[in-house]
Amino acid sequence: MKIMVVGGGGREHAIIKKIKENKDVTEVFALPGNGGIAADATCVPIKAVDVDSIVDFARDNAIDYAVVAPDDPLVLGCVDALEEAGVPCFGPRANAAIIEGSKVFSKHLMKKYGIPTAACEIFDDMDAALKYLETAPIPTVIKADGLALGKGVIIAQTRDEARDAVLAMMRDKTFGKSGERIVIEEFLTGPEVSVLSFTDGKTVVPMVSSMDHKRVGDNDTGLNTGGMGTVAPNPYYTEAVAAECMEKIFLPTVNAMNAEGRTFKGCLYFGLMLTADGPKVIEYNCRFGDPETQVVLPLLESDLLTVMKATTNGTLAETEVKFADKNACCVIMASGGYPSSYPKGFEITIPADIEDKVYVAGAELKDGKLVTSGGRVLGAVDIADTLGEAIDNAYALVDKISFEGAYFRHDIGRRAMAALEEN
Ligand code: AMP
Ligand code: GLY
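Reading the values: rules and limits
Residues numbered from 1 in each chain as written. Chains lettered and ligands numbered in written order. Predicted model: local features only at pLDDT ≥ 70, side-chain atom pairs only at ≥ 80, totals over all residues. Heavy atoms only, no water. Near = heavy atom within 4 Å. Polar contact = N/O pair within 3.5 Å; in protein donor to acceptor, adjacent residues only side chain to side chain. Areas by Shrake-Rupley, 256 points an atom, 1.4 Å probe, with all protein chains shown as cover. Helix = DSSP H or I, 4+ residues; strand = E, 2+ residues; numbered from the N terminus. Core = buried A, V, L, I, M, F, W, Y, C linked by side-chain atoms within 4.5 Å. Buried < 20%, exposed > 50% of the residue type's maximum accessible area, 1.4 Å probe, protein only. Contact = heavy atoms within 4.5 Å. Arc of directions from axis to C-beta. Nonpolar A, V, L, I, M, F, W, Y, C, P; charged D, E, K, R; others polar. Pairing = 2+ DSSP bridges. Axes fitted to C-alpha atoms, helices over the stretch in contact; angles between N-to-C directions. Patch = residues over 30% accessible without salt bridge, like charges linked within 9 Å, V, L, I, M, F, W, Y side chains within 5 Å. Salt bridge = Lys/Arg side-chain N within 4 Å of Asp/Glu carboxyl O. Phe/Tyr/Trp six-rings, centres within 6.5 Å; stacked < 30°, edge-to-face > 60°. Lys NZ or Arg CZ within 6 Å of the ring centre and 35° of its normal.

**Focus: the site of ligand 1**
Argument step 1. Around ligand 1 sit 14 residues, and of these E185, E186, L188, E192 and E283 come closest.
Argument step 2. Here a nitrogen atom of ligand 1 sits 2.9 Å away from a polar atom, N or O, in the main chain of E186.
Argument step 3. Here an oxygen atom of ligand 1 and a side-chain polar atom of K214 are 3.1 Å apart.
Argument step 4. Contact with the protein chains removes 90% of the 480 Å² of surface that ligand 1 exposes when unbound.
Argument step 5. Elements supplying a minimum of two residues to the shell around ligand 1: β7 (140–144), β8 (153–156), β9 (182–186) and β17 (278–285).

Take a look at the structure:
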């Protein structure tokens with residue numbers, strides 16, 4: 001079977017490594033992939049947003065199954081186009097991917113169907129937004145409606161910061177069209193949990209929970225990033241919380257999307273905050289998270305391709321989805337300077353005996369050598385019986401990997417360990 005994976009980050013590397021465990025898989029193509037993925041798949045230089053070329057490639061190469069991993073091609077309708085060309089896919093169609101593509105859509109959906117989330121006001125007029133901010137409770141959260149490379153959310157600690165955020169989005173158009181409409185949202189507090197789920201539009205099967213570390217600096221300081229590390233499972237996500245989320249959030253969301261004529265198939269990612277008033281949705285993503293995938297998929301004991309196909313075929317209820325009763329930790333090694341500007345082109349050294357535990361993101365091959373080419377360069381992942389061991393082992397891997405200016409957080413999993421010790 002010939003498989004094609006659209007995307008080129010650490011998440012896609014994790015998906016590819018897992019898919020290859022299926023013995024029927026004869027060939028895997030990554031579009032565009034990256035220098036590290038090249039060790040596990042044939043990389044094809046087609047951009048993940050170039051939907052026409054992706055469809056042509058799938059047709060010309062008789063691809064049997066496609067996985068569309070990143071948000072932008074999903075929102076652009078890559079799955080629709082591939083399915084119309086007769087290629088079965090993992091991922092939602094554009095009319096369902098809007099759950100991530102438009103925050104205004106997702107807020108309306110949650111309000112209409114009584115799904116718990118932060119209270120909000122929606123604005124397409126800048127003056128009205130600025131007027132509302134004069135009396136809005138502070139801190140407040142300003143969100144651009146559309147995709148903004150993960151940067152469209154601003155937590156404003158003061159009224160001035162909130163005002164600046166609105167001006168940047170609506171007057172200066174920092175996020176282009178994405179900021180033409182904005183959401184101004186109640187500031188919530190509590191532990192955050194990421195829950196990725198498989199769904200075929202009828203059944204929803206949550207994967208093992210995880211915890212991301214979004215800020216660049218130790219102790220959650222500094223700028224927001226795409227994610228500097230993850231652990232799974234997330235100790236705050238107890239069985240009682242999981243049951244409450246299934247009843248009040250997961251099933252209602254899948255049912256709401258059906259009722260709207262926007263059946264969601266693929267990976268639906270729930271970004272949750274466990275507030276004093278119960279779990280609330282912070283965000284939906286229409287795809288696997290990065291770097292959540294790098295800790296979740298290695299714990300999957302069932303065959304990934306079989307589960308993915310069940311989401312396409314609507315047979316998820318009859319398909320086993322089993323996770324190991326173990327712990328995983330991923331530490332991201334980034335280019336020094338990330339998430340601001342950083343130099344590229346430094347050679348990366350990874351000992352051969354740990355390559356299977358390394359998920360490569362921002363790296364390319366130059367003259368046969370792996371060199372840095374992006375902000376988040378790679379993730380080092382370990383699986384162990386206890387969280388403490390997984391963390392120690394992941395950092396031991398980091399010690400064996402080198403490139404000039406390598407930067408990583410030193411406290412991935414520390415908060416999760418503290419939560420375990422409290423219980
Ligand atoms: P997002 O890009 O939607 O994942 O948001 C980025 C981060 O902003 C989240 O992971 C939260 O830490 C934070 N955030 C988003 N919405 C809220 C909110 N209503 N209250 C508090 N923090 C929030
Ligand atoms: N790590 C967060 C995300 O993938 O959106």
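**Concerning the nonpolar core**
Argument step 1. Grouped together as the largest cluster of nonpolar side chains are 47 residues, with contacts concentrated most on M4, L82, I99, F250 and L272.
Argument step 2. Per-element tally for this core: the top contributor is helix α9 (residues 239–259), with 7 residues.
Argument step 3. Excluding residues within four positions of it along the chain, I99 makes contact with F105, S106, L109, T253, M257, F264, L268, Y284 and C286.
Argument step 4. Within the second largest apolar cluster, 43 residues are counted, among which are F198, V205, C330 and Y359.

**Structural notes on helix α2 (residues 51–60)**
Argument step 1. Every buried residue belonging to α2 is among V51, I54, V55, F57 and A58, and all of these are buried. For α2, the arc enclosing every buried residue in end-on projection is 160 degrees, short of the 170-degree limit, so these residues lie on one face. α2 presents D52 and D60 as exposed residues on the side facing more than 90 degrees away from its buried surface.
Argument step 2. The secondary structure elements touched by the buried residues of α2 are β1 (2–7), β2 (27–32), α3 (71–76) and α4 (78–84).
Argument step 3. Following α2 by one or two positions, A62 adopts a phi angle in the positive range, close to 50 degrees.

**Details of the site of ligand 2**
Argument step 1. In the vicinity of ligand 2, the contacting residues are D212, G226, Y269, N285, R287, G289, D290, P291 and E292.
Argument step 2. For ligand 2, an oxygen atom lies 3.3 Å from a polar atom in the side chain of N285.
Argument step 3. A distance of 2.9 Å separates a nitrogen atom of ligand 2 from a polar atom in the backbone of D290.
Argument step 4. Burial of ligand 2 by the surrounding chains reaches 89%, relative to a free accessible area of 200 Å².
Argument step 5. Of the residues assigned to the shell around ligand 2, the class counts are 2 nonpolar, 3 polar and 4 charged.

**Brief notes about unusual backbone geometry**
Argument step 1. Of note, the amide linkage connecting L31 to P32 takes the cis form, showing an omega dihedral of 0 degrees.
Argument step 2. Tracing the sequence through the fold places P32 in strand β2.
Argument step 3. Non-glycine residue K173 carries a positive phi angle of around 55 degrees.
Argument step 4. Of note in the backbone geometry, N219 takes a positive phi value of approximately 60 degrees without being a glycine.
Argument step 5. Note that N219 resides in the loop between β13 (215–217) and β14 (221–224).

**Some remarks on the sheet that holds β17**
Argument step 1. Strand order across the open sheet formed by 4 strands is β11-β10-β16-β17, with antiparallel pairing between neighbours. What marks the edges here is a single partner per strand, and that holds for β11 (204–206) and β17. This sheet shows a mean twist of 35 degrees between the axes of neighbouring strands, independent of strand direction.
Argument step 2. Bridging between strand β10 (residues 192–199) and β11 involves 3 bridges; their strand directions are antiparallel. Bridging across to β11, F198 finds its partner in V205.

**Points about a nonpolar patch on the surface**
Argument step 1. There is a patch of nonpolar side chains on the surface, built from V153, I155 and F187 and spanning about 210 Å² of accessible area.
Argument step 2. By the secondary structure assignment, V153 is in strand β8.

**Some words on the packing of aromatic side chains**
Argument step 1. One pass over the full model with this rule turns up 9 aromatic pairs.
Argument step 2. With 5.8 Å between their ring centres and 70 degrees between their planes, F270 and Y284 make a pair best called edge-to-face. With F270 in strand β16 (residues 266–275) and Y284 in strand β17, the pair connects residues that are 14 residues apart, well separated along the chain. For the residue pair F270 and Y284, the accessibility class agrees, reading buried in each case.
Argument step 3. An aromatic cluster is defined as three or more aromatic residues linked by ring pairs; in this entry it consists of F90, F198 and F288.
Argument step 4. The side chain of K17 reaches across the aromatic face of Y359, ending 4.9 Å from its centre.

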